[in-house]
Amino acid sequence: MAGIRSQGKGHRMADRRIIMKIAFIGTNEFGKNILEGLCRSGLKPGLVITAPDKPVGRKKEITPPKVKSFAKEAGIDLEQPEKIKEAKKIISAFSPDIIIVADYGQIIPKEILDLPEKGCLNVHPSLLPKHRGASPIQHSLLSGDEETGATIILMDERTDHGPILSSKKMAIPEAGITQKDLLEKLSSLASDLISETISGWMEGKINPVPQNEEEATFTKILSKEDGRIDWKKTAAEIERMVRAFNPWPGAFSQGEVKGKMKKIKILKSFVLAQTESGPFGEPGKTYLAPNEKIAVQTGKDFLIIEKMQVEGKNPVETKDFLKGNIDFIGKILK
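Rules used throughout
- Residues numbered from 1 in each chain as written.
- Predicted model: local features only at pLDDT ≥ 70, side-chain atom pairs only at ≥ 80, totals over all residues.
- Heavy atoms only, no water.
- Helix = DSSP H or I, 4+ residues; strand = E, 2+ residues; numbered from the N terminus.
- Buried < 20%, exposed > 50% of the residue type's maximum accessible area, 1.4 Å probe, protein only.
- Contact = heavy atoms within 4.5 Å.
- Areas by Shrake-Rupley, 256 points an atom, 1.4 Å probe, with all protein chains shown as cover.
- Core = buried A, V, L, I, M, F, W, Y, C linked by side-chain atoms within 4.5 Å.
- Pairing = 2+ DSSP bridges.
- Axes fitted to C-alpha atoms, helices over the stretch in contact; angles between N-to-C directions.
- pLDDT = per-residue confidence, 0-100.

J.: How do you make sense of the overall build of the chain when you look at a structure like this?
T.: Scanning the chain from terminus to terminus reveals nine helices and 17 strands. C-alpha atoms of the chain, sized along the principal axes, occupy 70 × 40 × 35 Å. Scored against the burial criterion, the 334 residues of the chain give a buried share of 48%. Taking the contacts inside the chain whose residues are at least 6 apart along the sequence as the reference set, 66% of them involve residues at least 24 apart. Entry remark: accessible area of the chain is about 16900 Å², with carbon and sulfur atoms responsible for 50%.

Shown next, in the form of structure tokens:
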């Protein structure tokens, strides 16, 4: 279903008259971007629900959710329940006309879905029903999709399952785009789409369309271990992995550096096709490539590493890394 066309300033003014109260539920970067877009469009929520602050990293530093930081700056009332069901009384007391959900991380129970008269709308960064679940942006890149987009659904109790209110497509713009870059582009697209959709939905101009269950695909919550490279895969698959997992969890391998096994993150790479049937050597074996880059044999073709990060060190161009580590060539990455 094609996205609704923007109606300019007139649509923003109409939104202010129609919307009495908006509650927003979200946590991470994409959610923060959607919340920011709502505020920018004159649709500032009166209540934000986000996740609790969590310890992050080895030092277990307490880091607030991205949504929390923006909500505080914007002066929006904020709640951080451990479980979303704990927020029912708060949301009920606020009495929202509509709830917007983006990048929250918990399933919203029916008792909360039923609170607003106009329901709960979820902003999802894929063309549903493709790539339902927790990591749609990463899986768009891993799958080598040529296009992606944003979808607004009327939520039910199942993950990303409800009927579609609107969607908008975009081409995945360039071969080297990373997860971080694509998230920013989809945030902009989805922010415009949700603002337009709220207006049409509140005015009764949108008819929900059920998703085609036969076309549904699912994505999972990613872990650090998902970033481990299997060098038996093709170079094209690994290159997509490098981009899909940048910045987190990162695509990594283990390699010998100055006599010690170290974790090595691949930050930037490209595929060099083999002219002969391969593999030329053992998957994971490193070679010296033109322009002082590192070539790694994969199950098919070579992966050329342009930028990397050795455990405990700063990111570095491979040509600079090799100045002090030429014996890295010929080693096997695991």
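J.: Any chance you could explain the side chain of Asn-33 here in plain terms?
T.: Tracing the sequence through the fold places Asn-33 in helix 2 (residues 29-40). Assessed through its relative accessible area of 12%, Asn-33 is described here as buried. Residues within four places of Asn-33 in sequence aside, it is in contact with Leu-183, Ser-187 and Ser-191.

J.: Explain the environment of Leu-189 here, please?
T.: Summarising the element assignment, Leu-189 is placed in helix 7 (residues 179-202). Residues Leu-189 and Ile-152, 37 residues apart in the sequence, show an inter-C-alpha distance of 12 Å.

J.: Could you clarify how one ought to interpret the nonpolar core in this entry?
T.: Taken as a class, soluble globular proteins show a tendency for nonpolar side chains to be buried jointly. Core analysis: the biggest nonpolar cluster contains 59 residues, and Phe-24, Ile-100, Val-123 and Ile-194 have the highest contact counts within it. With 10 residues, helix 7 is the single largest residue contributor to this core. Every residue in contact with Phe-24, bar those within four places of it in the chain, is listed here: Gly-31, Ile-34, Leu-35, Leu-38, Pro-45, Leu-47, Val-48, Ile-49, Val-67, Ile-100 and Ala-102. Counting 16 residues, the second largest nonpolar core, distinct from the first, contains Ile-91, Val-101, Ile-108 and Leu-113.

J.: I keep staring at the pairing of strand 7 (residues 120-124) and nothing clicks. Help me out?
T.: The side chains of a regular strand alternate, residue by residue, between the two faces of the sheet. In terms of burial, strand 7 is largely enclosed, as five of its five residues are buried. Neither face of strand 7 is open: one carries Cys-120, Asn-122 and His-124, the other Leu-121 and Val-123, and all of them are buried. The pairing of strand 6 (residues 98-102) with strand 7 spans three bridges and is parallel. Paired with Ile-100 across the two strands is Leu-121, which belongs to strand 7.

J.: What's the story with the sheet that holds strand 10 (residues 164-171) in this structure? I'm lost.
T.: Consider a sheet: its strands pair through backbone hydrogen bonds, and that pairing is either parallel or antiparallel. Strand order in the open sheet formed by seven strands is 5-2-1-6-7-9-10, with mixed pairing between adjacent strands. Each edge of the sheet is formed by a strand with only one pairing partner; in this case those strands are strand 5 (77-79) and strand 10. Strand after strand, the sheet turns through a mean of 15 degrees between neighbouring axes, direction not considered. Across the sheet, helix 3 (residues 66-74) touches strand 1 (22-26), strand 2 (47-49) and strand 5, and the angle it forms with strand 5 is around 155 degrees.

J.: Please explain the pairing of strand 6 as it appears in this structure.
T.: Of all five residues making up strand 6, five are buried, and the element is well covered by its neighbours. Neither face of strand 6 is left uncovered, since the one carrying Ile-98, Ile-100 and Ala-102 and the one carrying Ile-99 and Val-101 both have all their residues buried. Relative to strand 6, strand 1 runs parallel, the two sharing five bridges. Counterpart to Ala-23 in the pairing with strand 6 is Ile-99.

J.: Can you walk me through the confidence of the model for the chain in this structure?
T.: Interpretation of this model should avoid reading the predicted coordinates in detail wherever pLDDT is low. Scored by pLDDT, the chain has a mean of 92; 93% of the residues are at 70 or more. Here residues 1-17 is modelled with pLDDT under 50, and outside its nearest four sequence neighbours on either side it reaches 30 contacts, counting other chains as well.

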